[in-house]
Amino acid sequence: MRGCWSGIIGLVACAASAQAQPGGVRIGLTYAPGVKPGIVIAPIGGVLGDSAHAMLGRDLDFGDRVSVIAAGSALAPTTVTGKAPNYALLAKLGAAGLVQVELAPGRVRATVHDVGAQRIIDTLSVALPAGGHSRPWRAALHLLADDVERVLTGTTGMAHTRIAFVKGGRTWLVDSDGAFAEPVSDGSALSPTWRRDGGALAWTVLSNAGTRIQVKELGSGRLSSLVATPDGLNITPAFTPDGSAIVYAHGLDNGTDLWIAPVAGGEARRVTVGRGSDNTSPTVSPDGRRVAFTSGRTGHPDLYVADLDGTNTDALTDIGLDDDSYRSGPDWSSDGRSIAFATRLGGQFQIAVLSLRDRAVKVLTSDGKNEDPSWAPDGRHLVFTSSRTGSQELWVIDSESGRLRQLTRERGARLSAWSPRLPAAP
Amino acid sequence: MNSMLPTSKRPTRRPLAALVLGVAVLVSACSKKPETAPVPETSPAAAATASTAPATTATTPATPIAPVVDTAAERARREAARLKAREDSIAAARMLASKTAAELKAALVATVYFDYDRAELRDDTRAALEAKLPILRANSALRLRVQGHTDERGSDEYNLALGQRRAASVQRFFTDRGVEAGRFALVSFGREKPASAGDDDASRSKNRRAEFEILAGGEGLAGPR
């Protein structure tokens, strides 16, 4: 079964498909490392059809799990429309899947075909708000793209997500495809982080009177402050998976330690005992039991992991002993399997991923200064800050293929946080 | 340490020299132009104009060409001038006294600097804090905000903790010498508010710093005794 492309495994037996297709034809049913199944998106009718086609194609392309074949416009309509498209021709073009989309009033529908099996896999439908190109309209298409990806590959896409980042001291949000950047905080907001339901952000507010953690409900716009430790430094918030508490770094006059406090108010409890060292940037495991963080307890900033009650502290990597050693900004993937972080190599920060299964570290970048990685909800893509163009911008990398794309052109975007998959618009 | 010693002593010598010079300038200015009773000035710019005034009036001598005549009127005039000069010198002394307070303030809020990724106090940092210590001791109402800053290297988030540690080690310098911790508010801006925009070594060394802001008790600072 390992030799099969997971999404369509259940539909066609591997052996049968291998016999049906001559060697060398790229059909998704035969899994080959690094080869993604080809997909054709049929031309979409209507005034907004072309825009919708471009959006869906881009979303599926950014997902890095399928290869979108740009042949749609060259095909005769009969090849790709109707309940019985020309499967044989599509197969010759290298397509393993066909997606037909219809923009109806108030609704967008998609029919997903398995070209090899010559049958419809599934039909999908998403409510489509009026107002082409508006944010809700685009959100509906992102949602559809994610669902199409789920049907094709077995893994839901991550197009219907947003990325929080800091620019000019404010927190901004931008859609996963780089559209609709908008500020969501006033001034001096750093280190935004998402609640797991995508309904709220927390960030650090800097001021002369000290730093504090603020929570913003995105639906109502309501702002509240975490007041459990009012004085000194209160930075780098991270929600617990149930959203009820925030783990953050608090420092007064003897180093900075991790604390945990209920969002609704109540006493804070100390998590780490750093004995005067700096312990910052917590990231909570998806099961809510462990926390990884940056600590300077041995001299250089390094990565550690502990239980959320502060016990069982352990170094995550070999402790760096040379002067250049500097590891920081861990982010736990939503599947719980990996921790991404920044590590200094040859004087420059690079993005690396630690596999928790075998503690193997894979460095993903080498060009310019790259830091503050944050996982997409697919546990595969990362957004991070890179200076490779000369100014700080957000980039997205596929941790499996290394494929890169520039997300922002803001001249000074940093400290990004990828949202969870967002719910459908109400 | 050695390089900082002269500068820490300078403020105690300079005011004296300036006082003597300032009084001399004002007295000479007044004795030559007694008619236009000079208004006591407080700004250094005005004092500078006053000192240049005699030079300009000297080119246009007064109409009575006769040298000094020892008449009663002249004596009264001289006496008035003398009294005026005395008043002026008192005003000047007051002005200099306030300038001394300004200098005390300058020493108090002078920025101190740190080594890369370190919060430990360097010798020059220690000397600069040493200069602040007597001012804090002599003015018990004085409260300071200590702002810790870092250069742009390293993690933005971790730098906030480093800035806090720098502010805390400044506070510890004073609390170890008997100044109460409650007289300091600590805040960190990490790398967010650089003093110098560049990313060269010179800029970075200016950015790894602790700044001081007077929160209370900054009026009428008494000099160290």
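Residues numbered from 1 in each chain as written. Chains lettered and ligands numbered in written order. Predicted model: local features only at pLDDT ≥ 70, side-chain atom pairs only at ≥ 80, totals over all residues. Heavy atoms only, no water.

### Points about the environment of Ser191 of chain A
Structurally, Ser191 of chain A can be placed in strand β9 (residues 189-194). In this structure the C-alpha to C-alpha distance between Ser191 of chain A and Ser416 of chain A, which are 225 residues apart in sequence, comes to 7.5 Å. Residues in contact with Ser191 of chain A, not counting those within four places in the same chain, are Val166, Ala202, Trp203, Thr204, Thr236, Pro237 and Leu415 of chain A together with Glu157 of chain B. Looking at Ser191 of chain A, its side chain comes within polar contact range of the side chain of Glu157 of chain B, at 2.8 Å. (Helix = DSSP H or I, 4+ residues; strand = E, 2+ residues; numbered from the N terminus. Contact = heavy atoms within 4.5 Å. Polar contact = N/O pair within 3.5 Å; in protein donor to acceptor, adjacent residues only side chain to side chain.)

### Looking at the packing of aromatic side chains
Residue and element names in this part refer to chain A. If you walk through the whole model with that rule in mind, you get 6 aromatic pairs over all chains. Ring geometry for Tyr326 against Phe349: centres 5.0 Å apart, planes inclined by 90°, an arrangement best described as edge-to-face. Taken together, the residues span a long stretch of sequence, with Tyr326 in the loop between β20 (314-315) and β21 (327-332) and Phe349 in strand β23 (residues 348-355) at a distance of 23 residues. Directly above the ring of Trp172 sits Lys167, whose terminal nitrogen or CZ lies 4.2 Å from the centroid. Here the basic side chain of Arg405 rests over the ring of Phe62, its NZ or CZ set 3.7 Å away from the ring centre. (Phe/Tyr/Trp six-rings, centres within 6.5 Å; stacked < 30°, edge-to-face > 60°. Lys NZ or Arg CZ within 6 Å of the ring centre and 35° of its normal.)

### Comments concerning the interface of chain A and chain B
Taken together, the contacts link 34 residues of chain A with 24 residues of chain B. For the pair chain A and chain B, the summed buried area comes to about 2300 Å², and 48% of that belongs to carbon and sulfur atoms. Contact with chain B buries area across many residues of chain A, yet Asn208, Asp278 and Tyr326 of chain A alone supply 24% of it, more than any other trio. Between chain A and chain B we count 3 salt bridges in total. One salt bridge connects Arg414 of chain A with Asp156 of chain B, and the closest N-O pair in it is separated by 2.6 Å. Applying the counting rule to chain A against chain B returns 13 residue pairs in polar contact (both at pLDDT 80 or more). Take the side of chain A that touches chain B: its biggest share by element is 3 residues, from strand β13 (residues 233-239) of chain A. Classifying every residue of the side of chain A that touches chain B gives 10 nonpolar, 18 polar and 6 charged. (Buried area = accessible area lost by both parts, 1.4 Å probe. Salt bridge = Lys/Arg side-chain N within 4 Å of Asp/Glu carboxyl O. Nonpolar A, V, L, I, M, F, W, Y, C, P; charged D, E, K, R; others polar.)

### As for helix α4 (residues 123-138) of chain B
In this model α4 of chain B runs 24 Å from its N-terminal to its C-terminal C-alpha over 16 residues, within 8% of the 22 Å that 1.5 Å per residue would give. For α4 of chain B, the complete set of buried residues consists of Thr125, Ala127, Ala128, Leu129, Lys132, Leu133, Ile135 and Leu136 of chain B. (Expected span 1.5 Å × (residues − 1). Buried < 20%, exposed > 50% of the residue type's maximum accessible area, 1.4 Å probe, protein only.)

### Some remarks on the sheet that holds strand β6 (residues 162-167) of chain A
All names here are of chain A. Sheet architecture is open: 4 strands sit in the order β8-β7-β6-β29, paired in antiparallel fashion. Two strands in the sheet have a free side with no partner beyond their single neighbour: β8 (182-183) and β29 (413-418). Pairing between strand β7 (residues 170-175) and β8: 2 bridges, direction antiparallel. Bridge pairing links Leu173 to Glu182 in β8. (Pairing = 2+ DSSP bridges.)

### Observations regarding the nonpolar core
Grouped together as the largest cluster of nonpolar side chains are 26 residues, with contacts concentrated most on Val99, Val101, Leu144 and Val148 of chain A. Counting only elements with at least two residues in this core, the list comes to β1 (38-41), α2 (49-63), β3 (95-104), β4 (107-114), β5 (119-127) and α5 (135-153) of chain A. Sort the elements by how many residues they give to this core and α5 of chain A lands first, with 9 residues. Leu121, Leu129, Phe173 and Ala210 of chain B belong to the second-largest nonpolar core, a separate cluster that totals 24 residues. (Core = buried A, V, L, I, M, F, W, Y, C linked by side-chain atoms within 4.5 Å.)

### A look at the side chain of Gln392 of chain A
Along the chain, the position of Gln392 of chain A falls in the loop between β26 (381-386) and β27 (393-398). Once residues lying within four places of it in the same chain are set aside, the contact partners of Gln392 of chain A are Glu371, Thr385, Ser386, Arg411, Gly412, Ala413 and Arg414 of chain A.

### Quick look at the packing of α2 of chain A against α5 of chain A
Residue and element names in this part refer to chain A. Close contact between α2 and α5 brings their axes to 9 Å; oriented N to C, the two are set at 50°. Relative to α5, the element α2 lies oblique. With respect to the hand of their crossing, α2 and α5 are arranged in right-handed fashion. Residues Ser51, Ala52, Met55, Leu56, Arg58, Asp59, Leu60 and Gly63 of α2 form the contact with α5, whose own contacting residues are Trp137, Arg138, Leu141, His142, Leu144, Ala145, Val148 and Glu149. Residues that form the contact of α2 with α5 fall into these classes: 9 nonpolar, 3 polar and 4 charged. (Axes fitted to C-alpha atoms, helices over the stretch in contact; angles between N-to-C directions. Parallel < 35°, antiparallel > 145°, perpendicular 65-115°, else oblique. Left-handed = near helix turned anticlockwise from the far one by under 90°.)

### Some remarks on the pattern of salt bridges
Side chains that differ in sign of charge can pair as their charged atoms come close. All names here are of chain B. One pass over the structure, following the stated rule, counts 40 salt bridges over all chains. Two residues, Glu211 and Arg209, come together in a salt bridge whose shortest N-O distance is 2.7 Å. The exposure class assigned to Arg209 is buried, which follows from its relative accessible area of 3%.

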